[in-house]
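Notes for the structure review
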Amino acid sequence: LPVSSTHCQVGAVVFSGLARPATLGTRKKVEWKLFGKIALSWILTLPFAGGLAAALTATFRLGLQSHI
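Residues numbered from 1 in each chain as written. Predicted model: local features only at pLDDT ≥ 70, side-chain atom pairs only at ≥ 80, totals over all residues. Heavy atoms only, no water.

1. A few points about helix α2 (residues 32-66)
The end-to-end C-alpha distance of α2, which contains 35 residues, comes to 51 Å, matching closely the 51 Å that a straight helix rising 1.5 Å per residue would cover. The largest bend along α2 measures about 30 degrees and falls at L44, with the proline P47 one to four residues further on. (Helix = DSSP H or I, 4+ residues; strand = E, 2+ residues; numbered from the N terminus. Expected span 1.5 Å × (residues − 1). Bend = angle between axes of the 7 residues up to and from the residue.)

Written out as structure tokens, the structure reads:
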């Protein structure tokens, strides 16, 4: 299920490539290696964002506690 406009756009491009008839002179319809990189970046975004948020929260808490 797409959760952002980027998901919708990439999904539409991949589907268009899959639905394109082979008679139009193209052999490689979808660049799966590129799609794999995009999908991996989607998957890794949440853990990295969560880790960064946790690190910043811990840093700010320590900074605030030292000023109290």
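2. Side note on the packing of aromatic side chains
The final tally for this structure, using the stated rule, is 1 aromatic pair. Look at W32 and F35: their rings are 5.8 Å apart centre to centre, the planes differ by 85 degrees, and that puts the pair in the edge-to-face class. Of this pair, W32 and F35 both sit in helix α2, 3 residues apart, which is roughly one turn of that helix. Residue classification places F35 among the partly exposed positions, given a relative accessible area of 26%. (Phe/Tyr/Trp six-rings, centres within 6.5 Å; stacked < 30°, edge-to-face > 60°. Buried < 20%, exposed > 50% of the residue type's maximum accessible area, 1.4 Å probe, protein only.)

3. Some details on helix α1 (residues 5-19)
Along its 15 residues, α1 runs 21 Å from first to last C-alpha, staying within 8% of the 21 Å computed at 1.5 Å per residue. All of the buried residues along α1 are H7, V10, V14 and G17. Across the axial projection of α1, the buried residues extend over an arc of 100 degrees, all falling on one side. In this structure, α1 carries S5, Q9 and F15 as exposed residues pointing more than 90 degrees from its buried face. (Arc of directions from axis to C-beta.)

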